[in-house]
Amino acid sequence: MAMIGLPILAGLAGTVGPALGLLPALGGDHLTLEHFAELAAQPHLLRSSLISFAAALVTTGISLTIVMLFIAGYAGTRMFSRIQHLISPLLAVPHAAAAFGLAFLVAPSGLAMRLVSPGLTGYGSPPDWLVPQDPLGLTMMAGLIVKEMPFLFLVMLAALPQVPLVQARQLSASLGYGRIRGFLISVWPLIYRQIRLPVFAVLAYASSVVDVAMILGPALPAPLAVRIAEWMADSDLQMRFLASAGALLQLGLTIAAMVTWLALEQIGSVLLRRMSGSGVRRADDRLLRRSACAAMALAAALVFLGLFVLFLWSIAGLWPFPSLLPDSVTLQPWMRALPQAGDAIATTISLASSSAAIALLFSIGLLWQGGVRDSRAFSSVLYLPLIVPQLCFVFGLQILSVALGFNASFALLLFVHLIFVLPYVTLSLSQPWQSLDRRYETLAAGLGKSPLQILLHVRLPLLTRACLTAFAVGFAVSAGLYLPTLLIGAGRIVTITTEAVALSSGGDRRAIGVYALLQTLVPFGGFLIASLVPHLLFRDRRAMRI
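The structure contained in this document is the topic of the report that follows. The structure displayed is predicted, hence computed values, not measured ones.

## Notes on the side chain of Thr-60
So, step 1. Here Thr-60 is to be found in helix H3 (residues 45-74).
So, step 2. Overall, the relative accessible area of 0% leaves Thr-60 in the buried class.
So, step 3. Ignoring anything within four residues of it in the chain, the contact list for Thr-60 reads Ala-55, Val-199, Val-202, Leu-203 and Trp-261.

Shown next as C-alpha cells:
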C-alpha cells in the first residue's frame, strides 16, 4: 500500500504546488490563482474538455455494453470459446499500435477507401476528409473501444466463477426468460459489483489518454490531455505552472465523468428493477445476441486488419492511390529502422521484463497472504494508479524527482512502471489463484510440508501457466506505457513506444509501420513464451499442458 499510495499522493502534491504557484526552482514562492486564470483564457479549452469528457463516457458505455451482452448471450457455449481465443491476443497489442492500424484503415488513402475506389466511389485520388482526427473525436473513441473491450472481457472472465451462472441461467430459462434478460436480472448485479473498479479504470484512462488521442484524436483543438502534455514539453519552463493547473483540471474532469457514471448507475439500477418487476420475458433475443457477437468479432478483426495494413506499409515500395496493394515490395524501411531501434527495443525488453517479474513476485506474496482477497482497502489502493489520471500524478512525480535531485535513471523509471504493472498482474493472477483446488495443499500439509514448501512445490507448479500469463500481461502493460516513460525518462530513456508515438507527427507511413509492428512484436513475444513454456515443462504430463 505504501509503494503504490505514497508515490501517487506525492505526485498529486507535486502537481498541486506548481498549480498554486509554489515551485521555488522556477521562481514560484507564493500562493496564487493566476495560473488557473491563464488556463481559463486558453482558446477552445471548453471544447477540449468536452471531447475528453464525452470520450470517457461513450468509450466506457459502449465497451461495457457490448461485452456484457456477449457474455450474457454466449457464456459457456462453443462460440464463447472461439471469440475468447480471438479476443485474448488483443491484450498483447499496445494502444498506440492499434491506433496506428485503425488510422491506416480509415484514412482517406487507407485500405478501406482503396477497397471501394474507384469502382463504388469514383475517387481517383484520396478525398479531402478529416479522418482520422475528426473534430468530434469519433475515430479516437472507436480506437479506444476496440482496445478496452479485451480488458473488460478479461475482468468479467475473472468474475464469472464467483457467481452461480449455470444455476441462474437454468432458473431464468425455466421461468421463460431469454438469455440476455435472464442474465441481466439474475447475474449482472453480482458481476458488476466485482468489476466496478476496472470499469472506473477504463473511464479514467479514456478521459486522459495521450498516445491514442495524439494519433486518432482531433488536432484543433486537441483533447485536454494532449494539450497538457504539450505544455509540459514546452521549452519555456514557465509553462510548467500552466501544465500543473491543466493537470488539476484533468483530475476534476475525470472525477466529473465518474460522478456522471455513478448517476448512470442509479438510472440503470432503476431500469433493471422495473425490468425485473414487469414480468416481460423476451425469450427471443437472437438478434441482440448475434449483434453483440458480431461487434466482438468486428473489434478483433479491425485490430488484426490494422496490423496487416501496418505490415503492408512497412514493406511497401511505391503504393499510389487507389491501388489495393503496393506496386513493389522492399525491406529498406526495416533495414533503415532496425539499427536505430535496437537500443529502444533493448530498453523496452529490460524495463518490461524487470517490472513484470517484480510485480509477479509481489502478486504471489500478496495472494499467498490473502491480502487482496480479504482487504477491500488494499484492493482500492491497488487500483489507484488506474483510476487517477496519469497526467495528474506522474507530472508531479517528475517535478519532485527534479527538485530532490533525482536524475532520469533506469531504476527510477522501473519503480514508476511497477506502480502501473502491479494492478494488472495481480488482477490476472487472482482468479486462477483462488480457483485452485485446495485439497492439493491439504494433502501436502498432511504429509508434514511447511506453508513455504507447499507454495514452492505444490501451488506454484500447478499455477505455472497462470503465473506466466500474468507476467506476459505485465510485460505488455510496461512495454505500452507512453506518458510515464516520456516524463520520468525525461527523453533520455527511450522505448519503442515513445519512438513510435513520436513518429505520429510525421508523414512517413513506412517508418510508422515498422515501429508500430516492433511495438506489437515485443509484448507478443512475452505471450508466446507464456504459451510455449508450459508445453516444454510439462511435455510428459498431459493434464498439466491443458
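The rest of the description comes next.
## Considering empty space enclosed by the protein
So, step 1. This model, assessed by the stated rule, comprises three cavities of 30 Å³ or more.
So, step 2. Volume-wise, the largest cavity comes out at about 630 Å³.
So, step 3. If you go around the largest cavity, you meet 31 residues; those closest to its centre are His-95, Tyr-205, Tyr-424, Val-477 and Leu-481.
So, step 4. At the level of elements, helix H7 (138-159), helix H10 (188-208), helix H18 (384-387), helix H20 (410-435) and helix H23 (464-480) are the ones that each hand at least two residues to the lining of the largest cavity.

## Overview of the side chain of Gln-390
So, step 1. Mapped onto the secondary structure, Gln-390 falls in helix H19 (residues 390-403).
So, step 2. With near-sequence residues (within four places) excluded, Gln-390 lies in contact with Ser-208, Phe-395, Phe-420, Leu-481, Leu-483 and Pro-484.

## Here we look at the layout of surface pockets
So, step 1. Each pocket or cavity is described by its volume, and for the largest pocket that value is around 1500 Å³.
So, step 2. In terms of lining residues, the largest pocket is bounded by 40 residues, among which Tyr-192, Arg-193, Gln-194, Ile-195 and Arg-196 are the most central.
So, step 3. By residue class, the composition of the lining of the largest pocket is 22 nonpolar, 13 polar and five charged.
So, step 4. Taken as a whole, the second largest pocket spans an internal volume of roughly 960 Å³.
So, step 5. If you trace the second largest pocket, you find 30 residues lining it, with Gln-84, Ser-88, Leu-154, Leu-157 and Thr-469 closest to the centre.
So, step 6. Looking at the lining of the second largest pocket, the elements that each hand over two or more residues are helix H4 (78-87), H7, H20, H23 and helix H26 (509-537).

## Re unusual backbone geometry
One can expect most non-glycine residues to show negative phi and most peptide bonds to be in trans.
So, step 1. For the bond running from Ser-117 to Pro-118, omega is -5 degrees, close enough to zero to count as cis.
So, step 2. Tracing the chain through its elements places Pro-118 in the loop between helix H6 (111-116) and H7.
So, step 3. For the bond from Leu-220 to Pro-221, the omega torsion is -5 degrees, close enough to zero to count as cis.
So, step 4. Position of Pro-221 relative to the elements: it lies in the loop between helix H11 (211-216) and helix H12 (224-232).
So, step 5. Positioned with a positive phi, His-44 is a non-glycine residue whose angle comes to about 60 degrees.

## Quick notes on the nonpolar core
Most often, soluble globular proteins have nonpolar side chains that are buried together.
So, step 1. The biggest cluster of nonpolar side chains holds 174 residues, and the ones touching the most others in it are Phe-70, Ile-71, Trp-188 and Ile-195.
So, step 2. At 14 residues, the largest contribution of residues to this core is made by H3.
So, step 3. Sequence-distant contacts of Ile-195, defined by excluding residues within four places in its chain, comprise Leu-64, Val-155, Met-156, Ala-159 and Trp-188.

Conventions and cut-offs
Residues numbered from 1 in each chain as written. Predicted model: local features only at pLDDT ≥ 70, side-chain atom pairs only at ≥ 80, totals over all residues. Heavy atoms only, no water. Helix = DSSP H or I, 4+ residues; strand = E, 2+ residues; numbered from the N terminus. Buried < 20%, exposed > 50% of the residue type's maximum accessible area, 1.4 Å probe, protein only. Contact = heavy atoms within 4.5 Å. 1 Å grid on protein atoms, 1.4 Å probe; cavity = no way out; pocket = protein on both sides within 12 Å on 5 of 7 lines; lining within 4 Å. Points joined across faces, edges and corners; volume = space filled by probe spheres on them. Nonpolar A, V, L, I, M, F, W, Y, C, P; charged D, E, K, R; others polar. Core = buried A, V, L, I, M, F, W, Y, C linked by side-chain atoms within 4.5 Å.

That is the geometry; function is a separate question.
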